[in-house]
Amino acid sequence: MPAISRDEVAHLARLARIDLSDDELNHLAPQLDVILQSVAQVSEVAAQDIPPTSHPLPLTNVFRQDEIRPCLSAEEALAGAPIVDGAQAVEDERFRVPRILGEEA
Amino acid sequence: MTDLTKLTAAETARLIRDGEVSAVDVAQAHFDRIAKVDDRIHAFLHLDTEGALGAARRVDEKRAAGEELGPLAGVPLALKDVLAMKDVPTTCGSKILEGWRPPYDATVVQRLRDADLVILGKTNMDEFAMGSSTENSAYGPTRNPWDTDRIPGGSGGGSAASVAAYQAPLAIGTDTGGSIRQPAAVTGTVGVKPTYGGVSRYGLVAFSSSLDQVGPCARTVLDAALLHSVIAGHDPFDSTSIDQPVPPVVEAARAADVRGLRVGVVKELGGEGFQPGVEQRFNEAVALLTELGAEVVEVSCPHFVYGLPAYYLIAPSECSSNLARFDAMRYGLRVGDDGIRSAEEVMSLTREAGFGAEVKRRIMIGAYALSSGYYEAYYGQAQKVRTLITRDFARAFEQVDVLVSPTTPTTAFRIGERVDDPLAMYKADLCTIPSNLAGNASASFPCGLSPDDGLPVGLHVMAPVMADDRLYRVGAALEAASVQRWGHPLLEEAPEL
């Protein structure tokens, strides 16, 4: 039985906000299936009583003083804004973005 | 006249300090070399000629003014294109960042500037450092200077190839699963992954934050140590950076002494799947260490073989989260913004157009491994394997001072050979991954040419957390004895370009 179906891959692509083409889906789905079947080996060894490791350093929170210090100006921060129709998507010292609410909202 | 591109970094810095050559002449010699060979190697994505010559001029002015120069002042360096460098294009080998110029310097770049290194340009890499061959670059592959039909390793193939092809004596790489060490092995150069947290990651475009580490690439062990000591050390801008003194790497490289050092050969990293010529050179390197006074024993690390599957769950999981920042809103590519489509549609179209196949594969594996219902079976289990591998290291380091294995199971494979077989590609990182999962220091050093194909083989050395100096002791001792045995450095056997 495959670990992952073509429909599930299409669903993941939507979750990951990648507008995959049909060709890519056909190509990727079997590859992801092979990869997932292979990495599933991890379940062979890890028993219940083993604590998970999320990070190699035994760090908790690292704090610093909350002091005002120099940072990027608005102009510098906006300098890398994406180009739309030959001009940077910037307006009123802000990033200009596509609409974020649906028509029905 | 001396060929300035053939010198080591240490020699170059000495000649500049002594006023025998100017830093500008050194930089220009490297740009000439790049102009001569990079159409065949494609190590560089961008050259910062003006910035580099300016930095070199300042070194010459400092010298003329009688100011003291640091140990690498005026030495040219190639920077992997995954580190932010102010106003210089930084693409991570991806179309999604084409044309982006960072508004700030990574801490590593700042330290290189403070130490008066001359940054020549940005090197090619697998997109977002995901790959083992540099074929996943959106800007075309880098080629191995030993055989231009073969891969230079990855993800830092550009950095390793630039050093091997005498385009720069030093380079910066990053290593998430082997991206410094595997390219070093297949190009006959030195590559070190410092202890996780040993070098700041501020300004490094994140791939897998609990694994990523910046480190040095060089032609000699001492050069790598000198660069290591420039970039390492605590940085308040990176909360995972270790607030402890940098291990004495330069002293260790100069000492080059393995007498009494206990060396453990990892039993599980060999045998089936390993090229016979790789194993032969590895065994000879181990025998050489014995001759030099090291005590060699065999050590078992039974969970190392599960490192590969654990890595290919943990790294994609973290990358699916880290790469969510490429949303087409604040920087980089934006596709399909016609005034009608929603932000979400624009985001999906941009990520479809901007990301390559391997990045998409990994984002989706990560999204799957983290999704509800699968989390425990995949990501949760992988984190437990990470604990088991860390325990394997801890047990081994009770018996020995360092562990060794081949760096990669095979020498450089042919371009195109594994492009459509992700699992075969992933196996290149079999030996290097455990150190990323556990966070300890590791390195690859040249140990000869495989007799079956005449291509470089690397010795992989693993040391405990913050014992990076032990890598350099082993590497420098091996280098001195090998060069004596061969009669010249290994790279001199590479074909003329």
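Residues numbered from 1 in each chain as written. Chains lettered and ligands numbered in written order. Predicted model: local features only at pLDDT ≥ 70, side-chain atom pairs only at ≥ 80, totals over all residues. Heavy atoms only, no water.

Visitor: Run through the overall build of chain A, naming residues and quoting values.
Guide: What chain A contains, in helices and strands, is three helices and four strands. Computed over the C-alpha atoms, the radius of gyration of chain A is 23 Å, more than 25% above the 13 Å expected from 2.2 N^0.38 for a compact globule of 105 residues. With the C-alpha coordinates aligned to their principal axes, the bounding extent of chain A is approximately 55 × 45 × 30 Å. Counting all 105 residues of chain A, 30% fall into the buried class. Accessible surface, chain A: about 7500 Å² in total, of which carbon and sulfur atoms supply 52%. Between the mean site of the 8 positive side-chain charges and the mean site of the 19 negative ones, chain A shows a separation of 5 Å. (Helix = DSSP H or I, 4+ residues; strand = E, 2+ residues; numbered from the N terminus. Rg over C-alpha atoms; globule rule 2.2 N^0.38 Å. Buried < 20%, exposed > 50% of the residue type's maximum accessible area, 1.4 Å probe, protein only. Areas by Shrake-Rupley, 256 points an atom, 1.4 Å probe, with all protein chains shown as cover. Lys, Arg positive; Asp, Glu negative; His and termini not counted. Charge placed at Lys NZ, Arg CZ, Asp CG, Glu CD.)

Visitor: Can you break down the side chain of Asp392(B) residue by residue, with the values?
Guide: Residues and elements named next belong to chain B. Looking at the secondary structure, you find Asp-392 in helix α13 (residues 376-399). In terms of polar contacts, Asp-392 uses its side chain to reach the backbone amide nitrogen of His-303, at 2.7 Å. Not counting residues within four places of it along the chain, the set of residues in contact with Asp-392 comprises Cys-301, Pro-302, His-303 and Phe-304. (Polar contact = N/O pair within 3.5 Å; in protein donor to acceptor, adjacent residues only side chain to side chain. Contact = heavy atoms within 4.5 Å.)

Visitor: I'd like a rundown of the layout of surface pockets, residues and numbers included.
Guide: Of the voids in this model, the largest pocket is the one considered here, and its volume is about 440 Å³. What lines the largest pocket is a set of 28 residues, among which Leu308(B), Pro409(B), Tyr426(B), Lys427(B) and Leu430(B) lie closest to the centre. At the level of elements, α2 (22-39) of chain A together with α6 (181-187), α10 (307-322) and α14 (422-426) of chain B are the ones that each hand at least two residues to the lining of the largest pocket. The element contributing the most residues to the lining of the largest pocket is α10(B), with three residues. Of the residues that constitute the lining of the largest pocket, the class distribution is 16 nonpolar, eight polar and four charged. (1 Å grid on protein atoms, 1.4 Å probe; cavity = no way out; pocket = protein on both sides within 12 Å on 5 of 7 lines; lining within 4 Å. Points joined across faces, edges and corners; volume = space filled by probe spheres on them. Nonpolar A, V, L, I, M, F, W, Y, C, P; charged D, E, K, R; others polar.)

Visitor: Provide a residue-level description of the side chain of Ser342(B), including the pertinent values.
Guide: By the secondary structure assignment, Ser342(B) is in the loop between α10 and α11 (343-354). Setting aside its immediate chain neighbours within four residues, Ser342(B) contacts Pro98(A) and Arg99(A).

Visitor: Can you lay out the packing of helix α2 (residues 23-41) of chain B against helix α3 (residues 49-64) of chain B for me, pointing to particular residues and giving the numbers?
Guide: Residues and elements named next belong to chain B. Where α2 contacts α3, the axes come no closer than 7 Å and their chain directions differ by 155°. Compared by their axis directions, α2 and α3 come out roughly antiparallel. Facing α2, whose interface residues are Ala-23, Val-24, Ala-27, Gln-28 and Phe-31, α3 presents Thr-49, Ala-52, Leu-53, Ala-56, Arg-57, Val-59 and Asp-60. Residue composition of the contact of α2 with α3, grouped by class: eight nonpolar, two polar and two charged. (Axes fitted to C-alpha atoms, helices over the stretch in contact; angles between N-to-C directions. Parallel < 35°, antiparallel > 145°, perpendicular 65-115°, else oblique.)

Visitor: Describe unusual backbone geometry, and please don't skip the residues or the numbers.
Guide: Residues and elements named next belong to chain B. With omega at 10°, the peptide bond leading from Gly-154 into Ser-155 counts as cis. Structurally, the position occupied by Ser-155 is in the loop between β3 (118-123) and α5 (157-164). Of note in this structure, Asp-87 is not a glycine but carries a positive phi near 65°. Examined against the element boundaries, Asp-87 turns out to sit in the loop between β2 (76-80) and α4 (107-114). The class of Asp-87 is partly exposed, set by a relative accessible area of 44%.

Visitor: Give a detailed account of the interface of chain A and chain B, specifying residues and quantitative values.
Guide: Between chain A and chain B, the residue contacts involve 56 residues of the former and 61 residues of the latter. Each partner contributes to the roughly 5000 Å² buried at the junction of chain A and chain B, and carbon and sulfur atoms together form 66% of this total. Remark: the boundary between chain A and chain B carries two salt bridges. As a salt-bridge pair, Lys360(B) and Glu24(A) come within 2.6 Å of each other at their nearest N and O atoms. At the junction of chain A with chain B, the criterion picks out 17 residue pairs in polar contact (both at pLDDT 80 or more). For the side of chain A that touches chain B, the secondary structure elements donating two or more residues are α1 (6-15), α2 and β1 (83-84) of chain A. Considering each element in turn, the side of chain A that touches chain B owes the most residues, 10 residues, to α2(A). Of the residues in the side of chain A that touches chain B, the class split is 36 nonpolar, 11 polar and nine charged. (Buried area = accessible area lost by both parts, 1.4 Å probe. Salt bridge = Lys/Arg side-chain N within 4 Å of Asp/Glu carboxyl O.)

Visitor: Can you explain empty space enclosed by the protein? Please cite residues and give values.
Guide: All names here are of chain B. Here the structure, examined in full by the defined rule, presents four cavities of 30 Å³ or more. Empty space within the largest cavity amounts to approximately 60 Å³. In this structure, the largest cavity is lined by 15 residues; those nearest its centre are Gly-198, Ala-232, Gly-233, Pro-247 and Met-466. For the lining of the largest cavity, the per-class residue count stands at seven nonpolar, seven polar and one charged. Considering the residues around the second largest cavity, the lining is formed by 15 residues, among which Ala-129, Gly-131, Ser-179, Tyr-311 and Asp-429 are closest to the centre. Considering only residue class, the lining of the second largest cavity consists of five nonpolar, eight polar and two charged.

Visitor: How would you sum up helix α1 (residues 9-17) of chain B? Please name residues and give values.
Guide: Structurally, the α-helix is built with 3.6 residues per turn, so residues lying three or four positions apart point the same way. Residues and elements named next belong to chain B. Along α1, the positions that sit buried rather than exposed are Ala-9, Thr-12, Ala-13, Leu-15 and Ile-16. End-on, the buried residues of α1 take up no more than an arc of 160°, which puts them together on one face. Contact partners of the buried residues in α1: α2, α3, β4 (170-174) and α7 (221-231). With its phi angle positive at about 75°, Gly-19 sits one or two positions after the end of α1. (Arc of directions from axis to C-beta.)

Visitor: Which residues make up the nonpolar core, and what values go with them?
Guide: Of all hydrophobic cores here, the largest spans 139 residues; its most connected members are Leu112(B), Leu117(B), Phe128(B), Ile172(B), Leu403(B), Leu459(B) and Tyr472(B). Ranked by size, the runner-up nonpolar core spans 33 residues in total, among them Leu7(B), Leu69(B), Val163(B) and Leu497(B). (Core = buried A, V, L, I, M, F, W, Y, C linked by side-chain atoms within 4.5 Å.)

Visitor: An account of the sheet that holds strand β5 (residues 190-193) of chain B is needed here, citing residue identities and associated values.
Guide: Residues and elements named next belong to chain B. Within the open sheet, the 11 strands sit side by side as β1-β3-β2-β4-β6-β5-β10-β11-β9-β7-β8. Their pairing is mixed. Of all strands in the sheet, those with a lone pairing partner are β1 (44-47) and β8 (295-299), marking the two edges. Neighbouring strand axes in the sheet, compared pairwise and without regard to direction, differ in orientation by 25° on average. Pairing geometry for strand β7 (residues 262-266) and strand β9 (residues 402-406), over three bridges, is parallel. Counterpart to Val-263 in the pairing with β9 is Val-402. In the packing of α2 onto the sheet, contacts are made with β1, β2 and β3, and the angle to β3 comes to roughly 20°. Along the sheet, α7 contacts β2, β4, β5, β6 (214-218) and β10 (441-449); its crossing angle with β6, the most-contacted strand, is approximately 150°. (Pairing = 2+ DSSP bridges.)

Visitor: Describe in detail the state of the cysteines, supporting the description with residues and values.
Guide: The term disulfide refers to a covalent linkage connecting the sulfur atoms of a pair of cysteines. Taken as a whole, this structure holds zero disulfides over all chains when the rule is applied. In this structure Cys447(B) is not part of a disulfide, and its nearest cysteine sulfur, from Cys431(B), lies 12 Å away. (Disulfide = S-S within 2.5 Å.)

Visitor: Let's hear about the pattern of salt bridges: which residues, and what values?
Guide: Residue and element names in this part refer to chain B. Inspection of every chain in the model, using the stated rule, returns 25 salt bridges over all chains. Among the salt bridges present, the one from Arg-330 reaches Asp-327, with a minimum N-O distance of 3.3 Å. Relative accessible area serves as the criterion here: at 33%, Arg-330 is assigned to the partly exposed category. Of the charged contacts, one joins Arg-341 and Asp-338 as a salt bridge, the two residues approaching to 3.4 Å between their closest N and O atoms. The exposure class of Arg-341 is partly exposed, given its relative accessible area of 32%.

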